[in-house]
Amino acid sequence: MAALLTLSLSDSSVTNNQSLSSRSSNRSPRIEENERRKREADPFVLALKYFSEVKVGTPVVGNDELENNLVQVEKVAFTMGLSPEAISVMLEFAMSLRMGSSPCARVLKCLIPASVVPQDAVVRAVVWLSVGAIPITTQVLFIKWVLTVFDMIDAKDKLRAIYGIIFSFVTEENLCPFICHLLYLLTRKESVRVFRVRKLLELQSKLGRQPFLMHLLSLYKVFCPELLTISIPSRMRSGFKNHISPWKSALMALQKTNSVKVAPGITLAFAVKDKTGSRKRKLHQELPELSAVTNKEPETEQTRRDLVPIVQISSFTQLLENIHRIELPAQMASLLGSSLALHYLDCVQDESALLRLNFWLGCALQEEFLFCSDGGANQEEGLQFLSRLLFAQQFLQEGFPSSTVFLYKFLNVWNGSLLCPQILGLLSDISVIPSSQIRTLLLEPLMQLFFTSSLFFKCGLIECLNTMLVKWLTWHSVYTLDDDPDISLDGHTSVNITLSGFRDSVMELVQFVGQLASVGLQLEGCHSLLLSFILDFYETVCDTFLKFGLHLIIMPPPGVFYPAFFATDPVSVDRLAYIMCRYKANLMSAKIQEKVTEKAFHISRQTFRQFNQYLIFMVNCLWNSSMYSPETELLLSEELLAKSNVPQYWTYFDFIHHPAFMSYAVDFHQMCWPDRKNMDLNSIKQSKPWSWYLQYLVTQGFDGLKDFIKDTIKGVVTTGSGDESATLRQQLDSA
Amino acid sequence: MEKSRTSVTSTPISSVSTRRIRRRSFRQSTRSHFGVASRLGLTPGQTTHRFNTSRKAPKPQNITEKVSPEHLALLVKTEWHLCYVTPLYRFRHTQLKSYARQLSAFIAAEKQQGLGVEVGGLQDTFKVSMSVLQGLAETNDDPETVLIQVQSRPAFARQDEPLKTVWSGWLSCINGNPEYLHSLPKDFTCLPLFGSRGLEGLSSLVKSWLRSTFDCFFGPLDINQTTLRWLAALWTNCHMESNIQHLKMQWTLPAAPPLHVAYTVNSSDALALWRSVRKSRAADQEACIEIEEVTSFMEGLTSHFYRHFGVDLSAGDLNQVSTALGSAKVKGRMKISSSRYLISTLSLLTECAFLKIPI
């Protein structure tokens, strides 16, 4: 055996030399000659040559040549690291014990790889290990070295091929912990065999609950849960220790100088296993751990052979490589716990798998929040659970059916404050509900909550409904093609939704928010925070046609329009102006499309009429200082307004006197006529100051107003005819 | 508007969009179970609405012919702790032996934390047996009931001493909602009712093994007020055929400290009251019992109590009902004393369990 090995050793050194020389073969002979000479003169090369050729039985004591050469190698190793060839030579020298065991440890300690470690060298060293003459401390040192450089070994296939040989060292008491670690790194599904399981169990009965055995066994369980089972106490889930210490300083130094990525992942990733929370509590919503399937279908055992349990996947790259052969975990709900698994969940097509997840989720939610008897004593856990669920749903950009069903029930018992942000977040993920059910399921419970809750809840709810609407519209615009207006949106909910059905649902939702907003604004005295959220909502609504391609345009109710227009803060008025511009753009292009395609959709006259009313009212108020509106819904009678004793009340909502802009008018007045003692705001109305004033307003950042003026009022700046009645550039009329 | 709608519906769907839809359909398919779910959604929060408001009077059945006497002896006269279970994934009645091996290895591994246990190896502490409890299924859709028993040898027992059953439990589905059972994919077996008795620790071990093996969820099955009232009425109705001896009820009233009331009614008095509230011909045994009758029966009982003691029981909660035929507690404990009414009681409980399954 030894003779055979030495023979093959010399073979390998020959091939090494060949590979060294063949590298430079394509250069010119002269340069090559020079290089060769230089290389031969290099003491490091000479040293390597010495170690590869030294005879068996050469004495160590008093051998200066050995000492000098070893110093040479160490010098290179600690400064630059050793090349793969050098590592092969030195490892071979040390493990073959050609000069006895004394220089062994010293050589091993200087085996600092510069780039990679050749797999063959390690395999040969393992074979030397089994020859058995090496002292046990050196053996341990060698395995520690393998563990340290494991990630730098260029390939692992041959190492896996000699899994059985490595496994046989498990019985060596001193080696066992390190061998277990190495096996842990090398184990694949096919290496788990009954006889190995029995051997390990036998060892465990001898050695007791050793962490290294437990970890290896638990890995075996991951691969073959049908062979063995083990339960690891939570305090022992720390993973393997690393054994980098003899090489640490050298590796670190090298890492700095070479900027080579040395030894990543030396600490073992046990990420899936470690849980931070204490295991004391028995809660319903505690996510199950990722674990491999025990209950396998016997008939599919063949095809299952090359499946990878998802527990084994620890990086996104791995996920991509194995995406076609990942085995789902025993409990689907465990996927919710890891963000990597969520990536996979997004591509799971298996109906049963998703149903399993929904069963679990539905039960966990109802047990925790509907049937709970302890009255929310563990709110902290509930919060974490919902946040995690919310994260998953946002990641998948879709609500789970079971959480939707849960919400329908929960809304009826919710007090509006328990876990409010999370519940509202989940609520906004609800997918389109058929218009026949939307009232009973969603809107009525929400209405009750809205009117009985604080201002902040009202704002939150409007925001949530806005998000929901955006999601519905986005969903629609993604899954409908322009040339294909009626996509049967089947399956999106239980009832097949046609496009018109979808439109009805959206209409129902928007009108509902309109009602909420009108009453809400009254209740809260047109609070500007609430108004701002409502205007957010209408910024979505006004663009349904152009932005989302939905053939539906809904105007805000008067209860929203007028409070926004009479608001005392300029921002609201500005946003209203922007919204009106967008409405106009949408209506115009809808009208054009209606003419061109002659099919499409039909916007009711009522919508146009309402838009025109609003527009005329706005322009008249802001521009013409009159409150005239054709068929206004303003039901205030003249007498009532006259009673207020405000002279010429109709002039009080132009750009100068509107409460939102008054302060700007005053500022402008002071800038224009700094010397005037008596302030006369009406003097701005003259044509020149008027156009300057408008420009001044625009420079204050009112982009909505700017667009509004540009869009709707003719010849503002050009003619500067402020006191003349401006005309509407474009009268939209459906008639 | 109408016109445009019809015109759009007739537009053929292009191939591109159908492909897109298919990609999407995977999660939709889960929603196809929403046939059940959306119905659930229509009566949000109030599950009792889906509860049968009318049911047949329980008929005494001689199931000794169908079920083996040992099994019957196991089921009756013991108090079971009830749970509901979501449908089991990849459960096969043919694999019970291998499940038993896995479960016993699992229990052994959990009991000796950190030690590996070979599946199928010799277990000297716990032995699990799983078997089919033949004869309980009522319809063809009902999966057969499964019985699980854990046996153990006492710590200092001699080697030849017989094993003692320390825990037993069963998974059952009697008269399950056929619509629901059919809507489930093939991979699922619906056994929603789980009863257990024995050491609490073993219960949670068995449950956690079932959970991880069949990806199901266990939740406590409370026997709610409505069910308890039903049981009281149904059992009273049984007095026509077999003596129930007495109707015992326990109430808790929200006073400080809480007032516990034990209310026992003589069986013949209860039956007389029951007969008086029965709208349908009392002679007609086949007639269904309506929820209104149950309500007025309970009202009769509580108003009688009020007349004598001035305490209005309807303000409190009914916690427990018991007769010679069995007893039921609100915390999900059920004891069936007579095998003649075993099936009807189990179907009532199965119905309760179905109500708890979220989709």
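Residues numbered from 1 in each chain as written. Chains lettered and ligands numbered in written order. Predicted model: local features only at pLDDT ≥ 70, side-chain atom pairs only at ≥ 80, totals over all residues. Heavy atoms only, no water.

### Thoughts on the overall build of chain A
Within chain A, the regular secondary structure consists of 34 helices and three strands. Counting over 735 residues, chain A shows a buried share of 52%. Summarising the internal contacts of chain A: among those between residues at least 6 apart in sequence, 72% fall at separations of at least 24. (Helix = DSSP H or I, 4+ residues; strand = E, 2+ residues; numbered from the N terminus. Buried < 20%, exposed > 50% of the residue type's maximum accessible area, 1.4 Å probe, protein only. Contact = heavy atoms within 4.5 Å.)

### Some details on the packing of aromatic side chains
By the definition in use, this model includes 47 aromatic pairs over all chains. Each ring, one from B:Tyr99 and one from B:Phe214, has its centre 5.0 Å from the other, and the planes form 80°; the classification is edge-to-face. Here B:Tyr99 is found in helix H5 (residues 96-111), whereas its partner B:Phe214 is found in helix H7 (residues 200-214), with 115 residues between them in sequence. Here B:Phe214 falls in the buried class, since its relative accessible area comes to 0%. A connected cluster of aromatic rings, assembled from ring pairs, spans A:Trp623, A:Phe655, A:Phe661, A:Tyr664, A:Phe668, A:Trp690, A:Tyr693, A:Tyr696 and A:Phe702. The residue whose ring lies beneath A:Lys591 is A:Phe608, and the NZ or CZ to ring-centre distance is 4.8 Å. Above the ring of A:Phe371, the side-chain terminus of B:Lys356 is found at 4.0 Å from the ring centroid. (Phe/Tyr/Trp six-rings, centres within 6.5 Å; stacked < 30°, edge-to-face > 60°. Lys NZ or Arg CZ within 6 Å of the ring centre and 35° of its normal.)

### A word on the pairing of strand S11 (residues 246-253) of chain B
Residue and element names in this part refer to chain B. Of the pairings in the sheet, the one linking S11 to strand S12 (residues 259-266) comprises eight bridges and is antiparallel in character. Across the sheet, residue leucine 253 finds its bridge partner in S12, namely leucine 259. Pairing of S11 with strand S14 (residues 317-323) involves five bridges; the strand directions are antiparallel. Along S14, the bridge assignment pairs glutamine 250 with glutamine 320. (Pairing = 2+ DSSP bridges.)

### A few points about the environment of A:Ile592
With respect to the helices, strands and loops of the structure, A:Ile592 is situated in helix H28 (residues 570-597). For A:Ile592, a relative accessible area of 52% corresponds to the exposed category.

### Examining the nonpolar core
Among the nonpolar cores identified, the biggest contains 243 residues, and A:Leu345, A:Phe655 and A:Tyr693 are the most heavily contacted of them. The residues that make up this core include at least three from each of domain 1 (47-55 + 63-222 + 351-356) and domain 2 (225-330) of chain B. Beyond its immediate stretch of four places on either side in the chain, A:Tyr693 contacts A:Phe655, A:Ile656, A:Phe661, A:Tyr664, A:Ala665, A:Phe668 and A:Ile684. Counting residues in hydrophobic clusters, the runner-up holds 88 residues, among them A:Ala125, A:Val140, A:Met214 and A:Leu251. (Core = buried A, V, L, I, M, F, W, Y, C linked by side-chain atoms within 4.5 Å. Domains from an automatic or database assignment.)

### Considering unusual backbone geometry
Excluding glycine, residues mostly carry a negative phi; peptide bonds, for their part, are mostly trans. All names here are of chain B. Cis geometry marks the peptide bond from alanine 256 to proline 257; its omega dihedral reads -5°. Positioned with a positive phi, lysine 77 is a non-glycine residue whose angle comes to about 65°. Counting through the fold element by element, lysine 77 comes out in the loop between helix H4 (69-75) and strand S2 (79-85).

### Considerations on the domain arrangement of chain B
Residues and elements named next belong to chain B. Per the domain assignment, the segments making up chain B are domain 1 (47-55 + 63-222 + 351-356) and domain 2 (225-330). Using only C-alpha atoms to locate each centre, domain 1 and domain 2 end up separated by 32 Å. The partner domain 2 presents 11 residues to the nine residues of domain 1 that form the contact. One can count one salt bridge joining domain 1 with domain 2. As a salt-bridge pair, lysine 329 and glutamate 79 come within 3.2 Å of each other at their nearest N and O atoms. (Salt bridge = Lys/Arg side-chain N within 4 Å of Asp/Glu carboxyl O.)

### Notes on the environment of A:Cys110
Within the element layout of this structure, A:Cys110 appears in the loop between helix H6 (104-109) and helix H7 (119-131). Sequence-distant contacts of A:Cys110, that is, excluding residues within four places in its chain, are made with A:Val73, A:Glu74, A:Ala77, A:Phe78 and A:Leu82.

### Some thoughts on the confidence of the model for chain A
Residue and element names in this part refer to chain A. Residue-level pLDDT values for chain A average 80, and 82% of them are 70 or greater. Model confidence for chain A, summarised as mean pLDDT per element, is weakest for helix H34 (residues 716-719) at 39 and strongest for helix H25 (residues 528-541) at 96. Counting interchain partners and residues more than four positions distant, the pLDDT-below-50 stretch residues 260-283 has 37 contacts. Confidence drops under pLDDT 50 across residues 715-735; counting only partners more than four residues distant or on other chains, this segment forms 42 contacts. (pLDDT = per-residue confidence, 0-100.)

### Some words on the confidence of the model for chain B
Residue and element names in this part refer to chain B. Averaged over all residues, the pLDDT of chain B is 81; the fraction at 70 or higher stands at 83%. In the model, residues 1-49 has pLDDT below 50 throughout and makes 93 contacts with residues more than four positions away in sequence or in other chains. Across the predicted assembly, pTM comes out at 0.81 and ipTM at 0.85.

### Side note on helix H27 (residues 558-565) of chain A
With six of its eight residues buried, H27(A) lies for the most part within the structure. Next to the buried residues of H27(A) lie helix H24 (499-523), H25, H28 and helix H29 (605-622) of chain A.

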